[in-house]
Amino acid sequence: MVNKKYMNDALLLAKEAFDNGEIPVGAVIVKDGKIISSGRNRREEKKNALSHAEIEAINSACKALESWRLDGCEIYVTLEPCPMCMGAILDSRIDTLVFGAFDLDGGCADSVLRLQDHINSSKLSVFGGICEEECKKLIVDFFGVVRNRE
């Protein structure tokens, strides 16, 4: 079941990323109705291509649960996951993906590819377009700022 409250929590993290000069993406992982981890884009801060919001949230959730298996978890992310993040979501066995804005250039949950359809063991439920306008506006505003700097 989709809970917009968790997407709003992810949006707060995306705004924090924006304020820190990062592409504004935030993610939270929920288990049994409680947020167990969160992440936001930190690629510029950490100078690391792997520092996507989803990867940070998954890493933190694995530590919190002391397991790489995140069965029973839901991930809420403000932007449709890229190939790397979608692979990590599937590999960690998260049950539900809820995302905000569609990524027509690289989204791998619905827009460009539905990666979950190509993994035989996948039981991932996907819900896209949740709080889409707020999530999309952050991305558009961020790239507007970037273009004005150039």
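Everything here concerns the structure above.
What counts as what
- Residues numbered from 1 in each chain as written.
- Predicted model: local features only at pLDDT ≥ 70, side-chain atom pairs only at ≥ 80, totals over all residues.
- Heavy atoms only, no water.
- Core = buried A, V, L, I, M, F, W, Y, C linked by side-chain atoms within 4.5 Å.
- Buried < 20%, exposed > 50% of the residue type's maximum accessible area, 1.4 Å probe, protein only.
- Helix = DSSP H or I, 4+ residues; strand = E, 2+ residues; numbered from the N terminus.
- Lys, Arg positive; Asp, Glu negative; His and termini not counted.
- Salt bridge = Lys/Arg side-chain N within 4 Å of Asp/Glu carboxyl O.
- Polar contact = N/O pair within 3.5 Å; in protein donor to acceptor, adjacent residues only side chain to side chain.
- Contact = heavy atoms within 4.5 Å.

J.: I tried to follow the nonpolar core on my own but got confused; where do I start?
T.: Soluble globular proteins: nonpolar side chains tend toward being buried together. Residues Met 7, Ile 29, Ile 58, Leu 70, Met 86, Ile 94 and Leu 97 are the most contacted members of the largest nonpolar core, which totals 40 residues. Breaking this core down by element, the ones donating at least two residues are helix H1 (4–19), strand E1 (26–31), helix H3 (53–65), strand E3 (73–79), helix H4 (83–91), strand E4 (96–101) and helix H5 (132–149). The greatest single-element share of this core, amounting to six residues, is contributed by H1.

J.: Looking at this structure, I do not really get the side chain of Asp 103. What am I missing?
T.: Residue position: Asp 103 is located in the loop between E4 and strand E5 (125–127). Despite its burial, Asp 103 pairs with no opposite charge; the closest candidate is Arg 43, at 9.6 Å N-O. A distance of 3.0 Å separates the side chain of Asp 103 from the backbone nitrogen of Asp 105, its partner in a polar contact. Not counting residues within four places of it along the chain, the set of residues in contact with Asp 103 comprises Leu 79, Glu 80, Ser 111 and Val 112.

J.: Explain the side chain of Glu 56 to me, please; I cannot follow it from the model alone.
T.: Of note, Glu 56 is situated in helix H3. Among all residues touching Glu 56, those that are not within four sequence positions of it are Ser 38, Gly 39, Arg 40, Arg 42, Lys 46 and Ser 51.

J.: What exactly am I supposed to notice about the pattern of salt bridges here?
T.: Opposite charge on two side chains permits pairing when their charged atoms draw close. Counting across every chain of the model gives eight salt bridges. Residue Asp 9 is joined to Lys 5 by a salt bridge in which the shortest nitrogen-to-oxygen separation is 3.0 Å. In this pair, Asp 9 and Lys 5 are both assigned in helix H1, four residues apart and thus about one turn of the helix distant. The partner of Arg 40 in a salt bridge is Glu 45, with the nearest N and O atoms 3.3 Å apart. A relative accessible area of 47% means that Glu 45 is categorised as partly exposed. One salt-bridge network, held together by shared partners, links Glu 16, Arg 40, Arg 42, Glu 45, Lys 46 and Glu 56.

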